[in-house]
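Read off the chains here:
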Amino acid sequence: MSTVTSVPETFELSGDDAAETVARSHPPTLLKKAFVRFRYGDGFSFARSMAFQFLMTLIPGTIFVVGLAAAMGDGRLQAVLRTMIESLAPGPAGDVLLSAFAQGAEAGSQGDMVAVIVGGAAMIVSAVTAMAQLQRGSSRIYGVDGDRPTVRRYGLATILTLTAGVLLTVAFILTALGGSVRGYFEDELSKLWTWFRWPVGILALTVGLATLFKFAPNRRQPGISWLATGGSVAALAWVAVSVGLAFYLNASGTFGETYGPLAGVIGLALWAQLSAIAILYGVAVAAELEAERSGVCEPHEEEPADNDPPSRVDLEGDSPANASDMTEAVPA
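Let us look at the structure shown here. (Residues numbered from 1 in each chain as written. Predicted model: local features only at pLDDT ≥ 70, side-chain atom pairs only at ≥ 80, totals over all residues. Heavy atoms only, no water.)

**Remarks on the overall build of the chain**
For clarity, the threshold we go by: Elements are defined by DSSP. Helices are runs of H or I of four residues or more, strands are runs of E of two residues or more, and each kind is numbered from the N terminus. Only protein chains enter the accessibility calculation, which uses a 1.4 Å probe; a residue is then buried when its area is under 20% of its type maximum, exposed when over 50%, and partly exposed in between. Only heavy atoms enter the contact rule, under which two residues are in contact if any of them lie within 4.5 Å. Accessible surface is estimated by sampling points in the Shrake-Rupley manner with a 1.4 Å probe; for residues, cover comes only from the protein chains shown.
Scanning the chain from N- to C-terminus turns up 13 helices and two strands. Looking at the 332 residues of the chain, the share that counts as buried comes to 43%. Counted over contacts in the chain with a minimum sequence separation of 6, partners at least 24 positions apart contribute 83%. Summing over all exposed atoms, the chain offers an accessible surface of approximately 17200 Å²; the carbon and sulfur share of this is 64%.

**Thoughts on the side chain of Gln221**
To keep it simple, the criterion reads: Whenever two N or O atoms come within 3.5 Å, that pair is a polar contact, provided that in protein one can donate a hydrogen and the other can accept it, and provided that, for residues adjacent in sequence, both atoms are side-chain atoms.
The residue Gln221 is located in the loop between helix 8 (187-215) and helix 9 (224-251) in this model. Within the structure, Gln221 has its side chain in polar contact with the backbone oxygen of Phe213 (distance 2.9 Å). A distance of 2.5 Å separates the side chain of Gln221 from the side chain of Arg219, its partner in a polar contact. Ignoring anything within four residues of it in the chain, the contact list for Gln221 reads Phe11, Tyr142, Phe213, Lys214, Leu227 and Glu290.

**Examining the nonpolar core**
Put simply, the rule is: We define a nonpolar core as any set of buried Ala, Val, Leu, Ile, Met, Phe, Trp, Tyr and Cys residues linked to one another through side-chain atoms lying within 4.5 Å.
Grouped together as the largest cluster of nonpolar side chains are 50 residues, with contacts concentrated most on Leu209 and Leu212. At the level of elements, helix 2 (27-40), helix 3 (43-71), helix 6 (113-141), helix 7 (150-177), helix 8, helix 9 and helix 11 (263-294) are the ones that each hand at least two residues to this core. In terms of residues, this core owes the most to one element, helix 11, which gives 14 residues. Not counting residues within four places of it along the chain, the set of residues in contact with Leu212 comprises Met131, Leu134, Leu160, Ala164, Leu168 and Pro217. Core analysis: the next-biggest nonpolar cluster, separate from the first, contains six residues, Val66, Val80, Met84 and Ala105 among them.

**Structural notes on helix 1 (residues 18-25)**
Short version of the rule: In this description, one arc is meant: the one made by directions from the helix axis to the C-beta atoms.
Where helix 1 is concerned, the buried positions are Ala18, Thr21, Val22 and Ser25. Looking straight down helix 1, one finds that the buried residues subtend no more than 100 degrees of arc, so they occupy a single side. For helix 1, exposure combined with an orientation more than 90 degrees from the buried face picks out Ala19, Glu20, Ala23 and Arg24. Positive backbone phi, at 65 degrees, marks His26, one or two positions downstream of helix 1.

**Details of the packing of aromatic side chains**
Formally: Each Phe, Tyr or Trp ring (for Trp, its six-membered ring) is paired with any other whose centre lies within 6.5 Å, and the angle between the two planes then decides the class: stacked below 30 degrees, edge-to-face above 60, tilted in between.
Per the stated rule, a full pass over the model turns up four aromatic pairs. With centroids separated by 6.2 Å and ring planes inclined at 75 degrees, the aromatic side chains of Phe35 and Phe44 adopt a geometry described as edge-to-face. Residue classification places Phe35 among the partly exposed positions, given a relative accessible area of 40%. Taking the centre distance of 6.5 Å and the plane angle of 85 degrees together, the rings of Phe38 and Tyr281 count as edge-to-face. In this pair, Phe38 is assigned in helix 2 and Tyr281 in helix 11, connecting sequence segments 243 residues apart. Assigned by exposure class, Phe38 and Tyr281 land together as buried.

**Comments concerning the pattern of salt bridges**
Formally: In what follows, salt bridge is the name for a side-chain nitrogen of Lys or Arg lying within 4 Å of a carboxyl oxygen of Asp or Glu.
In this structure the tally under the stated criterion is seven salt bridges. In this structure, the salt-bridge partner of Asp16 is Arg293, at a minimum N-O distance of 2.8 Å. In this pair, Asp16 is assigned in the loop between strand 1 (2-4) and helix 1 and Arg293 in helix 11, connecting sequence segments 277 residues apart. By relative accessible area, which is 35% here, Asp16 ends up partly exposed. As a salt-bridge pair, Asp147 and Arg136 come within 3.2 Å of each other at their nearest N and O atoms. Of the two residues, Asp147 sits in the loop between helix 6 and helix 7 while Arg136 sits in helix 6, which places them 11 residues apart along the sequence. Taking relative accessible area as the criterion, Asp147 reaches 31% and is therefore assigned partly exposed. With a relative accessible area of 29%, Arg136 lands in the partly exposed category. Shared partners join several salt bridges into a network, and the residues in it are Arg136, Arg140 and Asp147.

**Some remarks on unusual backbone geometry**
The phi torsion at His26 lies on the positive side, around 65 degrees, for a residue other than glycine. Its location among the elements puts His26 in the loop between helix 1 and helix 2. By relative accessible area, which is 44% here, His26 ends up partly exposed. The phi angle at Asp42 is positive, at roughly 65 degrees, despite the residue not being glycine. With respect to the helices, strands and loops of the structure, Asp42 is situated in the loop between helix 2 and helix 3. Given the relative accessible area of 40%, Asp42 is considered partly exposed.

So yeah, pure geometry; function would need other evidence.
Structure follows, in structure tokens:
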């Protein structure tokens, strides 16, 4: 058996530089060690849990936003939302979200605000649960076994949802889906949207990930410069996943044919899973860089197995000399 090594807290250290530590650690080696730390920290299991909660956030969230727009009579906003959904998952791959869109629009237009409110509540609960799982996963990757008390953990998860979660959502809309809604703006606004959606999206992504990396693990984190490397890796991977998946679903004509009615679920699940892995792997990179700073060389350590049978020496004594002494001690 093996376990991830604990990363000592280095927030009080000074006099060194994160960029110099990255260079000294050899970036490819650092990324490789980070993957080992991610794996032994059970990162894939926490990523699966986060991905499930992402899905449970996305679908009720679609119902909530569309229903709210329909209740306000904002047809333009509904058209923009529908275009973004079709851009993310065209054809059969978008059937799941388009069904949620239709349900939200019908509920909002008929004044059935109960369904809209329930969708909003489900969205918030799932998002908060995802942030709680992120806290646990981040702590394990750092080698921290203890969790925050329940009230404190979910209170922090709520704050992270309303801050970092909103920023990540904005970043996803701007980077992955922003090009599909450019036609809904006037000429001047369309040009501004084209030029500024990427810088604003990357800024939102950077600030959102920095917030997660700073506050999610159950430990005192170092300065932001020591988290920037992991945050940059997570940001690049997350943008690549989001934009790449949107491009693939738009360009591929076989995805919907292959999975049929399940194409929407498969596409969303794939995006959620890869996104969660990207974020937690970025955490592992930040943790491994801090481990290098503190002198922890290996990302995991071997544990002796508890169920090994005792050796013959353990059964008969420490040495043959002990056995002979015991024999001589027996009276004739």
